[in-house]
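Fold and geometry: a report
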Amino acid sequence: MESDHATTRGVEADAIDRAIARAHGILPDQGPIGVFIHHNTLHAFQHLPFHQGVEEGARQLGALPYLPLERYRQAHQAGRITARDIDEALDEAVIPGADERLPLGLSRRALWRMLLVSPVDVDDAEGLRYGLRRGSSLVASDLPLWEAALARVSRGPRYTPVDERPVRRHRDVLIACMTVDPDVPVTHELAVLCAGFLDQGQAQVCLPGRAQGFLAAVSGLYAAGAQAPRPCRGAEQDFHRIAIEQTSAKAVIAAALDALGVDREQREDYLLATALALPGWAGMFSRLECYPAENHAEGAASLAEFLAVRLVLERHAIESVASNASLPSSWTALLAHMPAIPERAVELDACLLWGFARAAAATPAALSEIPDGDLARLWEEVHTCSRVRRGAIWLEAWEAGYRRPILAALARRRRLPELSSTERPNAQLLFCIDEREESIRRSIEELDPAIETFGVAGFFGMAIDYVALYEQEPAAHCPVVVVPGHEVHESPLYTAQQWHNTRAAMRSRLHGLERTVGEWSRTLTGGAGLSLLLGPFAGVAAIARILAPRSSVALHQRLKSAFVPRPDTLLGGLRLDLGDDQPAYGKPMGFTLPEAIERVASVLRTIGLTSGLAPIVIVLGHGSSSLNNPHESAHDCGACGGRRGGANARLFADLANRPDVRDGLRALGIALPADTWFVGALHDTADDAVHYFDLRALPESSVAAFEQTVVVVEEARRQSALERTRRFIDAPLGLSPERALRHAEARATHLAQPRPEYGHCTNAAAIVGRRSLTRGLHLDRRAFLISYDPTLDEDDRVLERILAAVGPVGAGISLEYYFSSVDNERFGCGTKLPHNVTGLIGIMNGHRGDLRTGLPLQMVELHEPMRLLMVVDASPAALLRVAGRQAEVRELVVNEWVQLVSVDPETGAMHRFKAGRFVPCTPDDVALPVVRHSSDWHGATREFVPPALVLSGLRTVAPIGDSL
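In short, a report on the structure. (Residues numbered from 1 in each chain as written. Predicted model: local features only at pLDDT ≥ 70, side-chain atom pairs only at ≥ 80, totals over all residues. Heavy atoms only, no water.)

As a further point, take the packing of helix α17 (residues 346-359) against helix α19 (residues 372-384). Across the interface, α17 lies against α19 with an axial gap of 12 Å and an inter-helix angle of 95°. Here α17 is positioned roughly perpendicular relative to α19, judged by the angle of their axes. Contacts between α17 and α19 involve Asp349, Leu352, Leu353 and Phe356 on the former and, on the latter, Leu375, Leu378, Trp379 and Val382. Here the residues of the contact of α17 with α19 are counted per class, giving 7 nonpolar, no polar and 1 charged. (Axes fitted to C-alpha atoms, helices over the stretch in contact; angles between N-to-C directions. Helix = DSSP H or I, 4+ residues; strand = E, 2+ residues; numbered from the N terminus. Parallel < 35°, antiparallel > 145°, perpendicular 65-115°, else oblique. Contact = heavy atoms within 4.5 Å. Nonpolar A, V, L, I, M, F, W, Y, C, P; charged D, E, K, R; others polar.)

And the structure:
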C-alpha cells in the first residue's frame, strides 16, 4: 500500500512538473520593462509551421491569431489588399476540389471567396435586425431574396457553430452559469502580493520576508494576522499551516487540486490553464526564475510558488462563489452544470444563405426549393472555411499585396546601372539596420550623393557588458541570443578625475535628499508642508513642461551643462594581453589587441567596407529618449538588447582609430588610409538628434571633412523628421523641415505625450545585400537595410553571421508587432492611458490587476500586421547552407515565420521559399515611379506609399523620365 501511495505521489508530481515546464514555454517571456526586448510572443510555438503555431498559441492563450475579418475587409476596400492579392492567396490555400460545384451552382472556390469579402457571417442578430429596420443592412439591397432565405432556414436544417468556449478551469463554468467572477478578488490580492515581492526599487515597503521566497513570505504575512479578501476567507488558516509546516510549493499545489476535485489525469492541463489565467504576473515569475540576473529583488522568483499561492486563494474564492450559486465546487461535478450554447438566431443563418444565393445569382424561388441535404452541405462548407482559416488567407493576401511591389521595385532598381566613380567618397556612415534609419540614410544620400551609407546590426560587433559613468551594474549591449564575454567601463579622463569625484559626491547627496523628501512627503505633516513650500515651483515647472516642452527641457540642459557639466570620459575598450595570467573570476575588462582587431575586421568585412574608405567614417548607434514613457526602452536598439547603441558605436570607433589595431587590420588585408578617422555617434529616433563622441580626439586634418558631413546630417535629420511627422495626426501636413524637426523635438520632451514616436510600427521588410539594390528607392521607412556584399563572401560565413543576428532580431520585432496588433488586449497591453508603473518591472491598469505585456495600442495603431519579408542578395543554395548550420534561422525560414526571397547575385533571378522549397518568383514588369526628391513622393499624405525611385540620390548613366 505504501508503495502504491508513493507511486501515486510520483505521478502527481510529474504532472505538476510537466505543467510548470509547459507554462515556462508558453507564458509571456517579457523581462522587466526597463529593458524591453522585442521577441516572438509565441516563441514556444515556433517549432510549428506559422499558421499552425499562431492558431494553437492563440487558442491556448484565448487570443486572436489574425485580425478580425472586418479589419481585412476594410483594408480591401481601402485598396491595401486587391482582388488579385485575394485570388493569389486563394490559389496558395490549396482548396480541395476548388472547382467542384456546390449547391446553388457555386464553385467551392467562389464560395470561399464570398465568405472572405462579404460580411454575411455575422454574430450580432440585434444589429442585423436594426439594420433591416433602417434599410442600412447589406441584405436590404435584395429584400425578396432575404425573405426567401429567412423562410428557408426557418424550416431547417440549421447552421450549428462550433462551441469555442474555453472550459479549462472552474471559473470558465461559473462564468457560463452567470455567477460572479471568482478571479477578481484573487487577481486583486495577487497584484498587491506580487508587486511587493518583485519590487525593484519603487515600493516604500516591500513584502516582509521576501528573501525566503514568495510562498514563505506570503504565508508569513497571513500567519502574522493579515486578512484575505472576503471571498477568499479561510485562506489565512491554510497559509498559517503552510508557514508552520514549511510545506513545499508542489505539495501545496497538489493539496489545492485535491480540494478542488481535479482528477490526476486532468491536473497537467488544469494547472497550465491556471498559470495562463494571469499571464503577466505568472510570466514575470517565470522569466525571473529562468533569468535570475534580471531580478534585483531580494527573493528568488519561482513559478511553482506563485501557482501555490494563487491556488490557495483561488480554492476559497471558487468554494465561496459556487456555494452562493448552489453549485458544486468539485471540478468533475461542476462540469456537468456547463450550460449548452444559446440557440443561434435564425436571422444569422438567413444572412449566410442570402450571401450564397446572391453570389450564385440564385432567384428567391430557387432558394426556397433547395433540399435539406444541399443546405446542410453549405453549412458544412462554412465549417471548413472557418473564420480562422479565412484569417489565414486574408493574411497571405495582405502579404502578397506588399511583397509584389517591393520585389518589382528591387528588380527594376537592379537593372539601373550607376555611374562608376574612382573618386573617394566624401564620408561614410554606418547605421543600425533599424527600419527607422531608412529615411535619414536616403536623405543623406540625396543631399550628397558622394556620401555612402551602410547598415549593420547596431551593436557593431561589440558584444559587451557595459557600465556607464555613475552606473553600478553592467548591462548587456548585444542581441539577446549572444552572451557578452567582455566588460567595458566608462571612466573620466585623468584630467577630469577631480571634477568627477566632486560631481559624484553631489549626485549622491542630491539622491539622498530626494529619497528623504520622498519619504517625508508621504507623512501627514510633510506632505502638507512640501505642498505649501514647493507646490508653486512644481506647478510652474509642470506648466512649462506642458506649454513649452522643447524650450523648458533645452533650458534645463543648458543650466545643467553650465553648472554641473559631465566630465570628459573614455572607454576602457583595450587591455593588455596577459597571456596565461587572466582574471580568476568575472569577465575580462576590455578586449585584447587580437580580439579588437578581429571584431573591427569582422564588421568591415560584413558590410563590404574593406577598401575605399572615406576621410570620415561616422558610426551611429541609436536609441530613443522621451518623458513619462514606460515603454521608452522598447524604442531602443533591439540589436543592443533593448538598450541604446551609443556605447557600442563609440567603442567601435575608438578601437578602429588605434594605430595598433590598424596595423593588425593591415596584416589581414584591410588597409585603412592614414587620414581616415572614425567618429562614434548616437542617433535619437525620438527627436532626431545626433550626438557625437570623443570629438576632442578628432585630428585637425579631419575637422573640415567632419564639419562638412555634419552639415549634411543636420539637414538630413530635418528631412527625416518631415517624413516622420506626416504620420502624427496632431502635426499639420505641409510643415517645413525646420518646423517638422521642432515638432519631433517637442513630442519627445512633452510630459503627457503618449506617442513620442511610433517605433517600429511601419516595419514590413528586411533587405540583406549591396546598397546598389536599394539606393535611391523610397521604401517608406518600412525596411530593415542590412549591408552585405556576396562577391566578398566565398564560404557564406559572412551571410551566416548576418542572418544569425538579424534573423532573430528582425523576426522578433516583426512578430511582436504582429501579435500586439492582431489582439492588442491579449497579446498587447491596451491603451497607455490607464497604465501605472509597478515595482519598476512592468505596468498594469490601475493599481490592482495583471501585469500588461506586449506593446501598447499607441505603438501599433498604424501597423499593418504581416510576417517580415526578408529579401537576401544570395542564391537559394547559399541560404539553404546557412539555414542548415543555424538552427534558429532554419526554424524561422522552414516554418515560414518570415517570408524569405532569394535574389541571385549574378542573374537577379528571384526565388521565394514556400512549402519547404524555393520556387521561382517572377516580379511584375511594371513601371517604377520616379521623383526628384523624397518629399515629392510621400508629399502631404499620412498613408503608406509604394516604392519609388528618388533621382537626387543616384549617379545614373543616362537620364530617367517619370518612370523606370
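Having seen the structure, we can now continue with the description.
What follows concerns the sheet that holds strand β13 (residues 835-838). Judged by pairing direction, the sheet is antiparallel, and its 3 strands sit side by side in the order β13-β14-β15 without closing on themselves. Two strands lie at the open edges of the sheet, namely β13 and β15 (851-852), each paired on one side alone. Direction of pairing for strand β14 (residues 842-845) relative to β15: antiparallel, over a ladder of 2 bridges. Directly across from Ile843, in β15, lies its bridge partner Arg852. (Pairing = 2+ DSSP bridges.)

Let's shift gears to the nonpolar core. Core analysis: the biggest nonpolar cluster contains 215 residues, and Phe214, Phe239, Trp281, Phe306, Leu313, Phe356 and Leu799 have the highest contact counts within it. Contact partners of Leu313, with chain neighbours within four places excluded, come to Val186, Glu189, Leu190, Leu193, Tyr222, Ala228, Cys232, Ala235 and Phe239. Core analysis: the next-biggest nonpolar cluster, separate from the first, contains 33 residues, Leu430, Val603, Leu665 and Phe678 among them. (Core = buried A, V, L, I, M, F, W, Y, C linked by side-chain atoms within 4.5 Å. Buried < 20%, exposed > 50% of the residue type's maximum accessible area, 1.4 Å probe, protein only.)

Quick look at empty space enclosed by the protein now. The tally for this structure, following the rule as stated, stands at 7 cavities of 30 Å³ or more. As a volume, the largest cavity reaches approximately 150 Å³. Lining the largest cavity are 14 residues, with Arg724, Arg727, Tyr758, Thr762 and Arg781 positioned closest to its centre. Looking at the lining of the largest cavity residue by residue, the class counts come to 4 nonpolar, 2 polar and 8 charged. (1 Å grid on protein atoms, 1.4 Å probe; cavity = no way out; pocket = protein on both sides within 12 Å on 5 of 7 lines; lining within 4 Å. Points joined across faces, edges and corners; volume = space filled by probe spheres on them.)

This part takes up the pairing of strand β18 (residues 910-914). Counted residue by residue, β18 has 4 buried out of 5 residues, so it is predominantly covered. In this sheet, β18 lies alongside strand β17 (residues 899-903) in antiparallel orientation, the contact comprising 3 bridges. When the bridges of β18 are listed, Val903 appears paired with Met910. The hairpin formed by β17 and β18 contains 6 residues between the paired strands, and Gly908 there has a positive phi angle of roughly 80°. Where β18 meets strand β19 (residues 917-920), 4 bridges bridge the pair, whose relative direction is antiparallel. The residue of β19 that forms the bridge with Phe913 is Phe918.

The values reported here are purely geometric and, on their own, carry no functional implication.
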